[in-house]
Structures are given as structure tokens and as C-alpha cells.
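Residues per chain, in single letters:
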Amino acid sequence: MSIGKSLDVLTIGCAIPAQAVDSLRSKIRTVHFYPDGDAPADVLAETQIYYSGAKGPAIEDFKKALPNLVHLQLQSAGAEKVIKNAALQKALKAGEGDFTVSTASGLHCISIPQYILGTLLAIYLRLPKQILVARTEARWASGEEIAEGVEAHGENDTPYFVRSLRGKTVGFLGYGHIARAAARLLQPHGVEIIAANTTGTRREDDGYVIPGTGDPEGSLPTAFYSTTDGASLDAFLSKCDVVVASLPSTPATRGLLTKERLGLLPADAVLINVGRGDLVTTENVLWALDRPGGLWGFATDVTDPEPLPEGHPLYKHYKAIVTPHLSGDAEGELALGADILAFNIERIKGGKKAVNVVDFKKGY
């Protein structure tokens, strides 16, 4: 991609707020807006930056249809759908397009971290079980039934059911935008933060960061572990009272949390998955929830298969929270996506590389 060149034409091929369109007109001379993705051939021919949905534009021949394309910006934070775009893959492999492709990673750094904190607190306070009794039976639950299965403690040998985050170790499996923002929310609760990433080393966040969010310097974790080193990953899991997984779906991450690895977690650990469902099978999660000394709770916004089949036992498990992949569908999301587009336009115009560039070999 030729950076620093004159950028004059943007085509928006997905729905965004009218106010965001007006704002983008101040960044680039010509803005075409086709929210249904049906831009005519003459518009595509002059397009230099194209803003599309998760799958990329429905174009059979990129070289012919978009000869002047410099950058393809996705409205989605993930890349798994665009990677399956056969025409785009063909163009990039054949060297037919001198352009980059970026995701809107960073888009969900407001909503999903709140989901992580909210579900973790709900599990620690045993809210799902209390709400279930009230809603389905319309009665006042007893402390004994809410605390069922919890080890007794104290001088009166009374079981507790409210746990505290203070002093716990929260491990982030994947330390990208979402994890960094969640770590910032959790730190005031007195937790120790550790993280596992591909390299096992601390690094700065070189993507898009919403001002006032995240951990740009990567300074919050007290230790880093590697997801590509089995021994390092096992050591990481053995220290986690809470695991927050936000990994993408790649050949390296699918099935990464095996039954053996779930068994390494300390007794009464919590697992939260906001990445992709194929990180761990539901069979292994059920095993970990039901075994003695197993998981205290499990929250997931992603499953494999997705949607989770009707009648699946996870739906009714009293220690599980299953939500239908909606944690990122938050107010202001489309406007934030347009902000990331504007950020990359300014970078390319200034001779810099776009952020969140997709690596088609890695799969994200």
C-alpha cells in the first residue's frame, strides 16, 4: 500500500449514523454513502478507502472493481468472516491489490469489559440462582439453598455464598483491547492481574485505543505467560482464580482449554469467555462445573456451536451464565466504528500505517 498518497474518495458500504457521515466528510473530499453495500461500478472504480461490514464487499474481482483501493476498513472487531472472502483472498495472494485490510478492533472496549465485570460479580454473589428462584417460583429463597454446595466455614460452621474479588488473581487469556480495558475496570477491586499472550512478554498497545480506556503500556499485569508454550500456559492457569478469555478463533486457539487444562485451575475458579466459543468444548465446561473442587462459575457470550442448541444443559446449570453473543451490541457502537475509520484515514494521509491490520496467515 502506498501510504502518504492523496486520499480523496471514501465509499461507505454499511449503515452508520448520519452524524458520523457528516463528520467523515470533514476528513476526506468525497464521501459516497451506500448503506446497503450497492455502490455502482463507477463509484467503486474511484474508491480509495472502502468501509464495509464484517465479510467485506461482495465483489467477485477486486482488481477490476476497485482498481484504486488503498485500504479496506471493516466495521467489525473480528476478522474471521473477511478471511473467508474468497475473492479478497485471491486478490491479496495474487498481488492484485496494493491495499491493506483492517478490523475495528477496539470497538467493544466499553461494553464487553462491563459484561466481564458484571458477570463476574453476579457469579461471586450467586445472583443467577437467587434471581432464578424469585422469578420462577415467586418466593423468598433461604440462605441455605443459595449456599448449597458451598463449603461451610466460621465458628458456627455456616456456609457462605458471597465472595470477594479482593486478593484474587485474575488471569487474562489474551491481552488485547478488550482484556486491557477489563483489567483497568477490575484493578480497583484489589485483584492481582496476570496475562497470557502469544509472546509471553509485555508490549504496548499499537492499535486503536478509546481515550481513557485500557492499558496502553501493558503495565497492569504483574506477570506475562505464553499461550504458545505449553508449560508456560499451564503455569498461568494454575495461578488463576478467574480466567477471562478473549482469544480469536484460530487453528492455535481452537480447543486450547482441554479438560486437562481446566483441571489445572485452582478450586472454585471462575471462567469467563468473550472471545470465541471453540476455545473450549461445552462438554469440558460441564465436567469442570460438576466435578468436586471444580469451577465456581462460568459465563460465556460465545459458544460452539453457535447458537447453542435448544435444551442444552448449560442453559439451566445453576453455576452458568449463557448469553446470546450480545455483549458487544452496545449503544454508540456504529459511531465508534466510524471513529476508528476516521483514525485510520488520518494515519494513512499522514504517511503512517493503518492500525488493526489483518494478518491473513495468522487468521486475525
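Everything quoted here is computed from the prediction, not taken from an experiment. (Residues numbered from 1 in each chain as written. Predicted model: local features only at pLDDT ≥ 70, side-chain atom pairs only at ≥ 80, totals over all residues. Heavy atoms only, no water.)

(A) View of the sheet that holds strand E1 (residues 9–12). With parallel pairing, five strands are arranged side by side in an open sheet as E2-E1-E3-E4-E5. The open sheet has two free edges, formed respectively by strand E2 (30–33) and strand E5 (100–102), since each of these has just one partner strand. Here the average twist between neighbouring strands, direction ignored, is 15°. Across four bridges, the pairing between E1 and E2 is parallel. Paired with threonine 11 across the two strands is histidine 32, which belongs to E2. Each of E1 and E2 touches helix H1 (residues 18–25); the most contacted strand, E2, lies at about 155° to it. (Pairing = 2+ DSSP bridges. Helix = DSSP H or I, 4+ residues; strand = E, 2+ residues; numbered from the N terminus. Axes fitted to C-alpha atoms, helices over the stretch in contact; angles between N-to-C directions. Contact = heavy atoms within 4.5 Å.)

(B) Broad picture of the packing of aromatic side chains. What the rule picks out here adds up to five aromatic pairs. Judged by centre distance (5.2 Å) and plane angle (70°), the rings of tyrosine 208 and phenylalanine 343 are edge-to-face. Here the residue tyrosine 208 occupies a position in the loop between strand E9 (192–197) and strand E10 (224–226), and phenylalanine 343 occupies one in helix H13 (residues 333–349), the gap between them amounting to 135 residues. Assessed through its relative accessible area of 10%, tyrosine 208 is described here as buried. Each member of the aromatic cluster is reached from another via a ring pair, and the members are Phe172, Tyr175 and Phe224. Note that lysine 129 overlies the ring of tyrosine 318, its terminal NZ or CZ placed 4.8 Å from the centroid. (Phe/Tyr/Trp six-rings, centres within 6.5 Å; stacked < 30°, edge-to-face > 60°. Buried < 20%, exposed > 50% of the residue type's maximum accessible area, 1.4 Å probe, protein only. Lys NZ or Arg CZ within 6 Å of the ring centre and 35° of its normal.)

(C) Inspection of a nonpolar patch on the surface at higher detail. Together, Leu121, Leu125, Leu127, Ile131 and Val162 make up a nonpolar patch on the protein surface, roughly 360 Å² of accessible area in all. Among the secondary structure elements, valine 162 is positioned in the loop between strand E7 (158–159) and strand E8 (169–173). Using a relative accessible area of 47% as the deciding quantity, one classes valine 162 as partly exposed. (Patch = residues over 30% accessible without salt bridge, like charges linked within 9 Å, V, L, I, M, F, W, Y side chains within 5 Å. Areas by Shrake-Rupley, 256 points an atom, 1.4 Å probe, with all protein chains shown as cover. Salt bridge = Lys/Arg side-chain N within 4 Å of Asp/Glu carboxyl O.)

(D) Examining the sheet that holds strand E11 (residues 242–245) more closely. Taken in spatial order, the seven strands make up an open sheet running E10-E9-E8-E11-E12-E13-E14, and their pairing is parallel. Among the strands making up the open sheet, the edge pair consists of E10 and strand E14 (320–322). Taken over all neighbouring pairs, the strand axes of this sheet differ in orientation by 15° on average, direction set aside. In the sheet, E8 pairs with E11 via four bridges, with the strands oriented parallel. Across the sheet, residue leucine 173 finds its bridge partner in E11, namely alanine 245. Here helix H5 (residues 111–124) sits on the sheet and contacts E11, strand E12 (270–273), strand E13 (297–300) and E14; the angle it forms with E12, its principal contact strand, is near 150°.

Taken by themselves, the reported measurements are silent on function.
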